[in-house]
Amino acid sequence: MMSKKLRVGILGATGMVGQRFVELLENHPQFQITALAASDRSQGKTFAEACTWRLAGEMPEFVRALPVQAPQPPLDCDLVFSSLPGDIARETEGNFAAAGYPVISNSSAFRMDHDVPLLIPEINSEHLGLIEAQKTFRDGQHGFIVTNPNCSTIMLALALAPIQKFGIESVVATTMQALSGAGYPGVASLAISDNVLPFIESEEEKIEQETLKILGKLSNQQIDEAPLKVSAQCHRVNVSDGHLAAVRVKFKDKPLLKDVKQALSSFSALPQELKLHSAPDQVIVVREEKDRPQPRLDRDAGNGMSITIGRLQPDNVLDYRFVVLSHNTIRGAAGAAILNAELMLAMGKLK
Ligand SMILES: NC(=O)c1ccc[n+]([C@@H]2O[C@H](COP(=O)([O-])OP(=O)(O)OC[C@H]3O[C@@H](n4cnc5c(N)ncnc54)[C@H](OP(=O)(O)O)[C@@H]3O)[C@@H](O)[C@H]2O)c1
């Protein structure tokens, strides 16, 4: 028998990621949107009045008449998903956690806090043990914060996790990131037409730092970072959705190419075992064609929740190189947070 759905609020509901939340939560078997919040520009309006729908298809009917509220507790929901800008997320998400709400966030504000899980369900479900360490929010309440990584970090970490067993020494990643990653209106059209921008604020630091935490091990209520070096360079390119990265990896002892390929293509983990609603059957699609992955052709693999790897080959400087792609607002943002919540529900961390 289907149990009652948990009621969720979306903070930043009118934005690029917020709209993905709305799209992905329509008809979700375990979650039902009951509250929406955004800036004072949108507050007091219905969602249909406040939000210019920028995804393919129509705005879902169920959400049109819901009022857009201020992002402050109380909201009529059991947990909140947050896609607020980083600069206001820290105070706002902290307020919700302090008021007793589980906060499942996309924002960067709390990702590197020592007691906050930076969760990718296929990689580090044991990091959810950190929730118990969030005593500052507890005060007899049940609020806490769980974050998902930066959109480029997620695909890099998913590509590295299955080959970590071979002993990764260093990683060099060069990203080509889609326009939707900058929110709306994002980058000015005159800046990006006929152009590539070799700078995205704080992005390189996020990839270099977050990857080590995600691949680290939980021990004594803290994360021991993975002992590898990551170097990232990030570029904004004229693509609507789908981040791409060219990656080179050096191992302590170079494994065989066929073993690397096998480890990537057969990667399967707890979300697949538990058959979580948003978990893709195939976490990593490995393509053999010499001109794949491509954003337009591969971003929707596994309903946007699979990552795609191609061009896997030996490298003259480091050991192996490959190209990885993922959908930045699905696996890189809203879909990632929803999968986090599905795992937490399955593990008894949400009620
Ligand atoms: N886009 C991606 O691929 C991606 C991937 C991973 C993580 N993220 C992170 O997710 C967050 C949202 O990104 P986005 O791309 O969805 O941005 P966005 O399109 O600019 O949307 C921002 C949302 O936050 C609301 N907001 C802005 N200022 C506010 C304020 N002062 N008080 C309350 N609400 C406010 C906006 O409401 P109004 O419409 O009322 O202004 C809107 O709903 C960011 O932290 C970003 O770093 C984005």
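Every value quoted in this text rests on a predicted model; they were computed, and no experiment measured them. (Residues numbered from 1 in each chain as written. Predicted model: local features only at pLDDT ≥ 70, side-chain atom pairs only at ≥ 80, totals over all residues. Heavy atoms only, no water.)

### A closer look at the overall build of the chain
Thought 1: Across its full length, the chain carries eleven helices and 14 strands.
Thought 2: Relative to the 2.2 N^0.38 estimate, which gives 20 Å for 351 residues, the radius of gyration of the chain is 20 Å and therefore close to what a compact globule would have.
Thought 3: A burial count over the chain gives 55% of its 351 residues as buried.
Thought 4: Counting contacts in the chain only where the partners sit at least 6 residues apart, residues at least 24 apart contribute 75% of the total.
Thought 5: Carbon and sulfur atoms form 49% of the exposed surface of the chain, whose accessible area is close to 15,500 Å².
Thought 6: Across the chain, the mean location of the 35 positive side-chain charges is 4 Å away from that of the 40 negative side-chain charges. (Helix = DSSP H or I, 4+ residues; strand = E, 2+ residues; numbered from the N terminus. Rg over C-alpha atoms; globule rule 2.2 N^0.38 Å. Buried < 20%, exposed > 50% of the residue type's maximum accessible area, 1.4 Å probe, protein only. Contact = heavy atoms within 4.5 Å. Areas by Shrake-Rupley, 256 points an atom, 1.4 Å probe, with all protein chains shown as cover. Lys, Arg positive; Asp, Glu negative; His and termini not counted. Charge placed at Lys NZ, Arg CZ, Asp CG, Glu CD.)

### What to know about the site of the ligand
Thought 1: Around the ligand there are 27 residues in total, and Thr-14, Ser-39, Arg-41, Ser-42 and Leu-84 lie nearest to it.
Thought 2: Side-chain polar atom of Thr-14 to an oxygen atom of the ligand: 2.5 Å apart, as the coordinates give it.
Thought 3: A distance of 2.5 Å separates an oxygen atom of the ligand from a polar atom in the side chain of Ser-42.
Thought 4: Contact with the protein chains covers 79% of the free accessible surface of the ligand, which is 900 Å².
Thought 5: The set of elements that each furnish at least two residues to the shell around the ligand consists of helix 1 (16-25), helix 3 (86-98) and helix 11 (330-346). (Near = heavy atom within 4 Å. Polar contact = N/O pair within 3.5 Å; in protein donor to acceptor, adjacent residues only side chain to side chain.)

### Considerations on the nonpolar core
Thought 1: Grouped together as the largest cluster of nonpolar side chains are 44 residues, with contacts concentrated most on Val-247 and Val-324.
Thought 2: The dominant element in this core, judged by the number of residues it contributes, is helix 5 (residues 151-160), at seven residues.
Thought 3: Excluding residues within four positions of it along the chain, Val-247 makes contact with Leu-156, Val-171, Val-172, Ala-173, Tyr-320, Arg-321, Phe-322 and Val-324.
Thought 4: Membership of the second largest hydrophobic core comes to 41 residues, among which are Leu-6, Val-63, Leu-79 and Ile-338. (Core = buried A, V, L, I, M, F, W, Y, C linked by side-chain atoms within 4.5 Å.)

### Concerning the environment of Glu-122
Thought 1: You can see Glu-122 is positioned in the loop between strand 5 (102-105) and helix 4 (135-138).
Thought 2: Glu-122 sits 37 residues away from Ala-159 along the chain, and the two C-alpha atoms are 11 Å apart.
Thought 3: Apart from the residues lying within four places of it in its own chain, the contact partners of Glu-122 are Leu-158, Phe-267, Ala-269, Pro-271, Gln-272, Pro-280, Val-283, Arg-331 and Leu-339.

### Let's talk about the sheet that holds strand 4 (residues 79-82)
Thought 1: Pairing within the open sheet is parallel, and its six strands lie in the order 3-2-1-4-5-6. Each end of this open sheet is capped by a strand with a single partner; those strands are strand 3 (68-69) and strand 6 (144-147). (Pairing = 2+ DSSP bridges.)

### A word on the sheet that holds strand 11 (residues 243-251)
Thought 1: Taken in spatial order, the six strands line up as 10-7-11-14-13-12 in an open sheet, and their pairing is mixed. Edge positions in the sheet fall to strand 10 (229-236) and strand 12 (284-286), since each has one partner strand and no second. Ignoring which end each strand starts from, the neighbouring axes of this sheet average 20 degrees apart.
Thought 2: Against the sheet, helix 5 engages strand 7 (168-177), strand 10, strand 11, strand 12, strand 13 (307-314) and strand 14 (320-326), with an angle of about 40 degrees to strand 11.
Thought 3: Of the strands in this sheet, strand 7 and strand 10 are in contact with helix 7 (residues 203-214), which crosses strand 10 at around 145 degrees. (Axes fitted to C-alpha atoms, helices over the stretch in contact; angles between N-to-C directions.)

### Topic: the packing of helix 5 against helix 7
Thought 1: Between helix 5 and helix 7, the least distance of the axes is 9 Å, while the angle of their chain directions is 40 degrees. As summarised for this structure, helix 5 and helix 7 are arranged oblique, according to the angle between their axes. Regarding helix 5 and helix 7, the two cross each other, and that crossing is right-handed. Residues Cys-151, Ser-152, Thr-153, Leu-156, Ala-157 and Leu-160 of helix 5 form the contact with helix 7, whose participating residues are Glu-203, Lys-206, Ile-207, Glu-210, Thr-211 and Ile-214.
Thought 2: The residue makeup of the contact of helix 5 with helix 7, split by class, is six nonpolar, three polar and three charged. (Parallel < 35°, antiparallel > 145°, perpendicular 65-115°, else oblique. Left-handed = near helix turned anticlockwise from the far one by under 90°. Nonpolar A, V, L, I, M, F, W, Y, C, P; charged D, E, K, R; others polar.)

### What to know about unusual backbone geometry
Thought 1: With an omega of 0 degrees, the peptide bond running from Pro-73 to Pro-74 counts as cis.
Thought 2: Residue Pro-185 is reached from Tyr-184 by a cis peptide bond, and omega for that bond is 0 degrees.
Thought 3: Positionally, Pro-185 belongs in the loop between strand 7 and helix 6 (189-192).
Thought 4: The phi dihedral of Asn-220 is positive, around 50 degrees, even though this residue is not glycine.
Thought 5: As for its placement among the helices and strands, Asn-220 is situated in the loop between strand 8 (217-219) and strand 9 (222-224).
Thought 6: Of note, Lys-275 is a non-glycine position whose phi angle comes to about 55 degrees, a positive value.
Thought 7: Summarising the element assignment, Lys-275 is placed in the loop between helix 9 (270-273) and strand 12.
Thought 8: We classify Lys-275 as exposed; its relative accessible area is 71%.

### Side note on the packing of helix 5 against helix 11
Thought 1: Between helix 5 and helix 11, the least distance of the axes is 8 Å, while the angle of their chain directions is 90 degrees. It follows that helix 5 is roughly perpendicular to helix 11 by the angle criterion. When helix 5 is examined against helix 11, the residues Cys-151, Ile-154 and Leu-158 are found in contact with a partner set consisting of Arg-331, Gly-332 and Ala-336.
Thought 2: Within the contact of helix 5 with helix 11, the residues separate by chemical class into four nonpolar, one polar and one charged.

None of the figures reported here should be taken as evidence of function without further support.
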